[in-house]
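Structural overview for review
Spelled out from the first residue to the last, the chains are:
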Amino acid sequence: MPIIDLTHTLHPGFPRWPGDEPFRMVAVERVAADGFAINELRYWEHVGTHIDAPAHKVDGGVTVELLDVDDLVAPLVVIDIRTRAALTVDDIAAWEQVNGRIPERAFVAMLSGSEQRLGEPDAPGFDRGAVQFLVGERNIVGIGVDTLSVDPAASTDYAAHTALLEAGRYGVEALANLGAVPPAGATVFVGAPKHRGGSGGPCRVLAIV
């Protein structure tokens, strides 16, 4: 069973949301001088390939360490929208015509082909209707994107974030290698961080095909 890494390598130059601080790694000890190598990591939670817990947008929402671990391993659905500006209910219907109904408690990822141009102002995302449908009619655990935000970059109301996180689901942003995963049949493993009170954080995401 091939394992596909859906995680970007984090480094100081990794694209980030405007205003966010870059990732930093500072050497504290080195093997030659100290016997062990230790680095101090400095980063905001929502950098690199990372998870959004409900608390990211909802006062009193579930924080990252309280996410149900059963929801971090899920059937993986990949919907290709490389020729469109947003993932809509029509895209979901077209996917289901070919692949069958989205499984219960699935993780639905948007493939836009944007992973090599993260941060561009025209980046697509989920529209509100698609998120509401996936949560209400397909009972998904979460959604993922190969862009910096589950909302289209031009969004000003962050409707996809709101619809997703208010429903107690999670999102994963800045996924990599979705084009190497089939539309259906894989399983996703989201290695979410577990710091108390967190609104999210960098994670290692793997797909088993």
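Small disclaimer: the values here were computed from a predicted structure and weren't measured.

1. Focus: the packing of aromatic side chains
What the rule picks out here adds up to 2 aromatic pairs. Here the aromatic rings of F107 and Y170 are separated by 5.9 Å at their centres, their planes lie at 25 degrees, and the arrangement is stacked. Here Y170 lies in strand β10 (residues 170-173) and F107 lies in strand β7 (residues 107-111), a separation of 63 residues in the sequence. Judged on exposure class, the residue F107 and its partner Y170 are both buried.

2. Things to note about the environment of L148
On the secondary structure map, L148 appears in the loop between β9 (142-145) and α4 (159-166). On the basis of relative accessibility, which here comes to 14%, the residue L148 falls in the buried class. Each C-alpha atom, one on L148 and one on T49, is 8.6 Å from the other, the two residues being 99 residues apart in sequence. What L148 contacts, discounting residues up to four positions off in sequence, is P15, R16, W17, L118, G119, E173 and A174.

3. With respect to the sheet that holds strand β11 (residues 186-191)
Read across the open sheet, the 9 strands follow the order β1-β13-β11-β5-β7-β9-β10-β4-β12; overall the sheet is mixed. In this open sheet, the two strands that pair with only one neighbour each are β1 (3-5) and β12 (200-202). Neighbouring strand axes in the sheet, compared pairwise and without regard to direction, differ in orientation by 25 degrees on average.

4. Description of the pairing of β9
For a regular strand, the rule is simple: side chains alternate between the two faces of the sheet. Residues of β9 alternate between two faces, with G142 and G144 on one and I143 and V145 on the opposite face, all of them buried. Pairing of β9 with β10 involves 3 bridges; the strand directions are parallel. Its bridge partner being in β10, G144 is matched across the sheet by V172. Taken together, β9, α4 and β10 form a β-α-β motif whose crossover is right-handed.

Each value, and the rule that gives it
- Each chain has its residues counted from 1, running along the sequence as written.
- Local features in this predicted model are restricted to residues of pLDDT 70 or higher, and side-chain atom pairs are both shown and tallied only at a pLDDT of 80 or more, whereas totals for entire chains, interfaces and linings draw on every residue.
- Processing note: side-chain calculations cover all non-hydrogen atoms of the structure and skip hydrogens and water entirely.
- Geometry of aromatic contacts follows a simple scheme: Phe, Tyr and Trp rings, the Trp one being its six-membered ring, pair when their centres are within 6.5 Å, and the pair is stacked under 30 degrees between planes, edge-to-face over 60, tilted otherwise.
- Segments assigned H or I by DSSP are reported as helices when at least four residues long, segments assigned E as strands when at least two residues long, and all are numbered from the N terminus.
- Relative accessible area decides the class of each residue, using a 1.4 Å probe on protein chains only: under 20% of the type maximum gives buried, over 50% gives exposed, and in between gives partly exposed.
- Contact between two residues is taken to exist if any of their heavy atoms lie within 4.5 Å; hydrogens are not considered.
- Here, strands pair whenever DSSP counts at least two bridges between them.
- Note on geometry: axes are C-alpha line fits, over the in-contact stretch for helices, and angles between N-to-C directions span 0 to 180 degrees.
- Handedness rule for crossovers: strands pointing away from the viewer, path from the first strand over the helix to the second running clockwise, crossover right-handed.

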